[in-house]
Amino acid sequence: MTKQQLRSLSIISLTAAIFMFMAVSSAFAQDEEPVASSEECIGCHEGLRANWEESPHAHALDNPAFQEKWEEEGNPSECLQCHTTGYDPATGEYAEGGVACLTCHSPVPDNHPDNMIPTNVSSEACGSCHVDTMSDLEHSAHGDANLDCSQCHNPHTTELRAEDSQTLCQSCHNEATHNYALAEHAEAGLLCTDCHLRVDTNAELGEGHAKSSHTFQVDLETCTGCHADAAHPETLMETVSGSAADDVACYPAQVLMETAPAVPVEAPDVAETPPSSVNPLVYILPAGIGLAFGMLIAPMISKSNGKRRNSDGGEK
């Protein structure tokens, strides 16, 4: 290969590389940080935003109970990590109050809605704030079955994905709820969640402020809440006060769930999008343009160099 051909090839390669670099930089620049806010989402997602505006997530910062407790604790800045959106620990500033759209829908591509926004509907996303509840879920039969929080809870309203808890339980545990309807507890008006989602009103608020147990297990404290003075009180109370009390249940734990193994419910109606949605043409097209451009200018440069050499030779 002659020097002139090598020079032309170098020019073509350099031009293609420049165009390729510009395309890659542009593609990844759009993912650096969100540019939208919850206010801008209302134009297309009015219904979802209306549901969100009435939810605890929307009022995570201005909720009177939170504000009162926060002031009692001396307004610790770490609380803002979960009670605001876009919180920066270095400056103490945040983008929006409450758990807003960009908490779960981020980053926003420049060409949205042509490119969809990635949506995180994993339990880990919820667990980043609801730490105690996430810990319970990880040690539950629901966690073992890989059920996500959003399969029972609507993330926009935070309400159940059914008209009531009993209907939601029945959507998976058909046989168990059918048998339970014939039991004495059901005749007394108790629901599945009265035993399997016990709420401790005396518990101190923990990480994520959980007072309801999401292990879905029936333990001694659940039973003694109603039956502390029932038959065999001496034996029962002796067991409760024993060292192995936490490992013993009046009734076999998870018995209802064992009779009807959990079946995954319908997938959430929130679309999941891969973290990156850059089209391969973003890279291929600029490289092709660069090659074509290089092939056009290389002969021109070579021709110009030839004329210069001829001119220099004539002068001598």
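About the criteria used
- Residues numbered from 1 in each chain as written.
- Predicted model: local features only at pLDDT ≥ 70, side-chain atom pairs only at ≥ 80, totals over all residues.
- Heavy atoms only, no water.
- Disulfide = S-S within 2.5 Å.
- Helix = DSSP H or I, 4+ residues; strand = E, 2+ residues; numbered from the N terminus.
- Buried < 20%, exposed > 50% of the residue type's maximum accessible area, 1.4 Å probe, protein only.
- Polar contact = N/O pair within 3.5 Å; in protein donor to acceptor, adjacent residues only side chain to side chain.
- Salt bridge = Lys/Arg side-chain N within 4 Å of Asp/Glu carboxyl O.
- Phe/Tyr/Trp six-rings, centres within 6.5 Å; stacked < 30°, edge-to-face > 60°.
- Arc of directions from axis to C-beta.
- Contact = heavy atoms within 4.5 Å.

Draft legend 1. How the structure looks around the state of the cysteines. Enumeration according to the criterion identifies one disulfide in this entry. Between the sulfur of C82 and that of C129 lies a disulfide, 2.4 Å long from S to S. Every disulfide takes its handedness from the sign of the S-S torsion; for C82 and C129 that torsion is -105°, giving left-handed. Of this pair, C82 sits in helix 5 (residues 80–83) while C129 sits in the loop between helix 6 (123–127) and helix 7 (131–138), placing them 47 residues apart in sequence. The class for C129 is partly exposed, based on a relative accessible area of 24%. Free cysteine: C101, not disulfide-bonded; nearest cysteine sulfur from C41 at 3.8 Å. Just so you know, C169 is unpaired, no disulfide at all, and the nearest cysteine sulfur is the one on C192, 4.5 Å from it.

Draft legend 2. Expanded view of the side chain of S123. Examined against the element boundaries, S123 turns out to sit in helix 6. One polar contact links S123 to D148, side chain to side chain, over a distance of 3.3 Å. At a separation of 3.0 Å, a polar atom in the side chain of S123 contacts the main-chain amide nitrogen of C149.

Draft legend 3. Looking closely at the pattern of salt bridges. For the structure shown, the criterion picks out two salt bridges. R49 is the partner of E53 in a salt bridge, and the nearest nitrogen-oxygen pair spans 3.3 Å. You can see E53 and its partner R49 sitting in helix 3 (residues 46–53), four residues apart, about one turn around the helix. Classification of E53 by relative accessible area gives partly exposed; the value is 34%.

Draft legend 4. View of the packing of aromatic side chains. Applying the stated criterion to the full structure yields one aromatic pair. Their ring planes at 15° and their centres at 5.5 Å tell us that F66 and W70 sit as a pair that is stacked. You can see F66 and its partner W70 sitting in helix 4 (residues 64–72), four residues apart, about one turn around the helix. In this pair, the class of F66 matches that of W70, namely buried.

Draft legend 5. Looking closely at the environment of C223. Among the secondary structure elements, C223 is positioned in helix 13 (residues 220–227). Under the relative-accessibility criterion, C223 is labelled buried at 13%. The spacing of C223 and C195 is 28 residues in sequence and 8.0 Å in space, taken between C-alpha atoms.

Draft legend 6. The arrangement of the side chain of H83 in detail. For H83, the location among the structural elements is in helix 5. Exposure remark for H83: the relative accessible area of 12% places this residue in the buried category. Among the polar contacts listed, one links the side chain of H83 to the backbone oxygen of A60, at a separation of 2.5 Å.

Draft legend 7. Quick look at helix 4. Between the side-chain oxygen of the N-cap and the backbone nitrogen of A65 there are 2.8 Å, and the N-cap of helix 4 in question is N63. Once helix 4 ends, the next one or two residues include G74, with phi positive near 90°.

Draft legend 8. Highlighting helix 7. Taken as a whole, helix 7 has its buried residues at T133, M134 and L137. Around the axis of helix 7, the buried residues are gathered within 100° of arc, so they sit on the same side. Those residues of helix 7 hidden inside the fold are in contact with helix 6 and helix 8 (141–144).

Draft legend 9. Seen up close, unusual backbone geometry. Following S106, the chain continues to P107 via a peptide bond in cis, the omega torsion being -5°. Mapping P107 onto the fold places it in the loop between strand 2 (96–97) and helix 6. Residue P113 follows H112 across a cis peptide bond; omega there is 15°. Looking at where P113 falls in the secondary structure, it is placed in the loop between strand 2 and helix 6. Its identity is not glycine, yet N75 carries a phi of approximately 50°, on the positive side. Mapped onto the elements of the fold, N75 is located in the loop between helix 4 and helix 5. You will see that F216, though not glycine, has its phi angle at about 65°, which is positive. Structurally, the position occupied by F216 is in the loop between helix 12 (192–196) and helix 13.

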